[in-house]
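A closer look at the structure
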Amino acid sequence: MSGTVRGAYAEIDARHLGKSFHRRGSGKAAVNDISMKVTSASAIGIVGESGSGKSTLVRMMCGLLEPTDGSVAYNGAALPGVLSTRGGRREFRSRIQYVAQDTTSSFDPRRTLRDAVRLPAQRLLGMDATAANARVDETLASLELDPSMADRYPTEVSGGQRQRFSIARALVVKPRILLCDEVVSALDVSVQGAILNMLKSYCAAEDCGLVFVSHGLPATAFIADDIVVMRSGVIVEQGTTDDVVERPQDPYTEQLLEAYRGLDEVEQLAVAAAR
Ligand SMILES: Nc1ncnc2c1ncn2[C@@H]1O[C@H](COP(=O)(O)OP(=O)(O)O)[C@@H](O)[C@H]1O
Ligand SMILES: [Mg+2]
């Protein structure tokens, strides 16, 4: 049923965000004066070449990195305040989840994948082991992941499988907004497609907002309703996916589109059919 709100509404409002890794006044900012709102109803893609500031931006939006300028509000409350209390941190971390590209360093090699996925349900939702295990099973089922795979260790599965479990680990708490940072960039095209489909159907079924960050326009266009194009720390173009793909306004977007147009017919069809 479209329009039915199954979970609580959540919103991240970034205002005039800036981040400089240099001392003030020296060097170029990684992110410069970006304002953007994402909600539990969004499916936003952030696209731009490597080094354009995408990770810096989303890491500030989910409280992993402190901005040099501007502010981030979660459901109307300024983030430093929200994160200053244990309760506020728990609430924020259970509602807003971030998944990064590198799955090798983000899993403890001594824990099974099941243990890794279960942990946030225990820590952030306060579930006991039995309830958390049931939640893990429910999450794996909703992502069509083989539960027997969960008994393996992170190094015993492929990169694609590990990435699926890192997404499961984020979704086990039923976040309202999921931020995915280059989650498919290191994977084969066929595996990318499977993971994109998994993400897309999960977010639609659960009314979960998605911020999908990628240096590739095809994957982004496949999954996002709206696209923000970043270059050198600023937004050069934003609009609906159809507008950005079909009527790009910025020459840089045109450049990114060349890769998209370069897709073979089969891939183009798959992308179009899924939109
Ligand atoms: N921790 C850091 N220290 C210094 N410079 C950084 C750091 N993180 C990112 N940068 C710089 O900020 C710019 C944007 O990086 P990033 O946000 O990672 O871009 P993207 O995710 O689009 O590839 C780059 O020039 C990068 O070198
Ligand atoms: Mg990045």
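To start, this report covers the structure provided alongside it. Per chain, residues are indexed from 1 in the order of the written sequence. Chains carry letters and ligands carry numbers; both start at the beginning, A for chains and 1 for ligands, and go up in the order they are written. The predicted nature of this model means local features are confined to residues of pLDDT at least 70 and side-chain atom pairs, given and counted, to a pLDDT of 80 or more, with totals for whole chains, interfaces and linings taken over all residues. Calculated side-chain values reflect all of the structure's heavy atoms, with hydrogen atoms and water omitted.

1. Focus: the packing of aromatic side chains
Two aromatic rings, drawn from Phe, Tyr or Trp (for Trp, its six-membered ring), form a pair once their centres lie within 6.5 Å of each other, and the interplanar angle then sorts them: stacked below 30 degrees, edge-to-face above 60, tilted otherwise. For the structure on display, the rule yields 1 aromatic pair. For the ring pair Tyr74 and Phe92, a centre distance of 5.1 Å and an interplane angle of 85 degrees mean the geometry is edge-to-face. One end of the pair, Tyr74, is in strand S4 (residues 69-74); the other, Phe92, is in helix H3 (residues 86-95), and 18 residues separate them in sequence. One exposure class covers both Tyr74 and Phe92, and it is buried. Cation placement over rings: the criterion is NZ of Lys or CZ of Arg within 6 Å of the ring centroid and within 35° of the ring normal. The ring of Phe107 carries Arg169 above its face, with NZ or CZ at 4.1 Å from the centroid. Positioned over the ring face of Phe222 is Lys200, at 5.1 Å from the centre of the ring. Under the scheme used here, helices are H or I runs from DSSP no shorter than 4 residues and strands are E runs no shorter than 2 residues, and both carry numbers assigned from the N terminus. Only protein chains enter the accessibility calculation, which uses a 1.4 Å probe; a residue is then buried when its area is under 20% of its type maximum, exposed when over 50%, and partly exposed in between.

2. Some thoughts on the environment of Glu237
Position of Glu237 relative to the elements: it lies in strand S10 (residues 234-240). Separated by 190 residues in sequence, Glu237 and Val47 place their C-alpha atoms 10.0 Å apart. In contact with Glu237, other than residues within four places in its own chain, are Ile227, Val228, Val229, Val244, Arg247, Pro248, Gln249, Asp250 and Thr253. Side-chain polar atoms of Glu237 contact the backbone nitrogen of Gln249, separated by 2.9 Å. Only heavy atoms matter for contacts: two residues are in contact if any of them lie within 4.5 Å across the pair. N or O atoms closer than or at 3.5 Å make up a polar contact, with two conditions inside protein: a donor-capable atom paired with an acceptor-capable one, and, for residues adjacent in sequence, both atoms drawn from side chains.

3. Thoughts on the site of ligand 1
Proximity is defined per residue: any heavy atom of the residue falling within 4 Å of a molecule or strand makes that residue near it. Residues in close proximity to ligand 1 include Phe21, Ala30, Glu49, Ser50, Gly51, Ser52, Gly53, Lys54, Ser55 and Thr56, which together make up its full environment. Between ligand 1 and Gly51 there is a distance of 2.7 Å, counted from an oxygen atom to a backbone nitrogen or oxygen. A distance of 2.9 Å is found between an oxygen atom of ligand 1 and a side-chain nitrogen or oxygen belonging to Ser55. Here ligand 1 has 550 Å² of accessible area as a free molecule, and 52% of this is covered by the chains. Residue polarity follows a fixed list, in which Ala, Val, Leu, Ile, Met, Phe, Trp, Tyr, Cys and Pro are nonpolar, Asp, Glu, Lys and Arg are charged, and the others, Gly among them, are polar. Here the shell around ligand 1 is composed, by residue class, of 2 nonpolar, 6 polar and 2 charged. In this description, accessible areas are obtained by the Shrake-Rupley approach with a 1.4 Å probe, and a residue is regarded as covered only by the protein chains that are shown.

4. Focus on the nonpolar core
To define a nonpolar core, start from buried Ala, Val, Leu, Ile, Met, Phe, Trp, Tyr and Cys residues and group those joined through side-chain atoms within 4.5 Å. Counting residues in hydrophobic clusters, the biggest one holds 49 residues, and the most contacted among them are Phe165, Leu178, Leu199, Phe212, Ile223 and Ile227. It is helix H7 (residues 189-206) that provides the largest number of residues to this core, a total of 6 residues. In this structure, Leu57, Leu65, Tyr74 and Val82 belong to the second largest nonpolar core, which totals 30 residues.

5. A closer look at the sheet that holds strand S9 (residues 226-231)
A pair of strands is considered paired only if DSSP assigns at least 2 bridges between the two. In space, the 6 strands of this open sheet follow the order S6-S7-S8-S3-S9-S10, with mixed pairing throughout. Where the open sheet ends on each side, the last strands, each with one partner, are strand S6 (96-99) and S10. Between one strand axis and the next, the sheet turns by 15 degrees as a mean value, whatever way the strands run. With 4 bridges joining them, S6 and strand S7 (residues 177-181) adopt parallel strand pairing. If you follow Tyr98 over to S7, its bridge partner there is Leu179. Sheet contacts for helix H6 (residues 159-171): S6 and S7; angle to S6, the most-contacted strand, approximately 165 degrees. Each axis is a line fitted through C-alpha atoms, and for a helix only the stretch in contact is used; angles between axes span 0 to 180 degrees, taken between their N-to-C directions.

6. Focus on the side chain of Lys54
Considering the arrangement of structural elements, one finds Lys54 in helix H1 (residues 54-61). Polar contacts involving the side chain of Lys54 include one to the main-chain carbonyl oxygen of Gly48, which spans 2.9 Å. Setting aside residues up to four positions removed in sequence, Lys54 forms contacts with Ile46, Val47, Gly48, Glu49, Glu182, Val213, Ser214, His215 and Met230.

7. Quick look at helix H5 (residues 129-142)
Residue count minus one, scaled by 1.5 Å, sets the expected span of a helix. The end-to-end C-alpha separation of H5 is 20 Å, in line with the 20 Å expected for 14 residues at 1.5 Å each. When we look at burial in H5, the residues that qualify are Ala132, Arg135, Val136, Thr139 and Leu140. Buried residues of H5, seen end-on, are gathered within an arc of 135 degrees and therefore sit on one face of the element. Facing away from the buried side of H5 by more than 90 degrees, the exposed set consists of Thr130 and Ala141. Buried residues along H5 sit against helix H4 (113-125) and H6. Glu144 occupies a position one or two residues after H5 and carries a positive phi of about 55 degrees. The reported arc concerns the directions from the helix axis to the C-beta atoms and nothing else.

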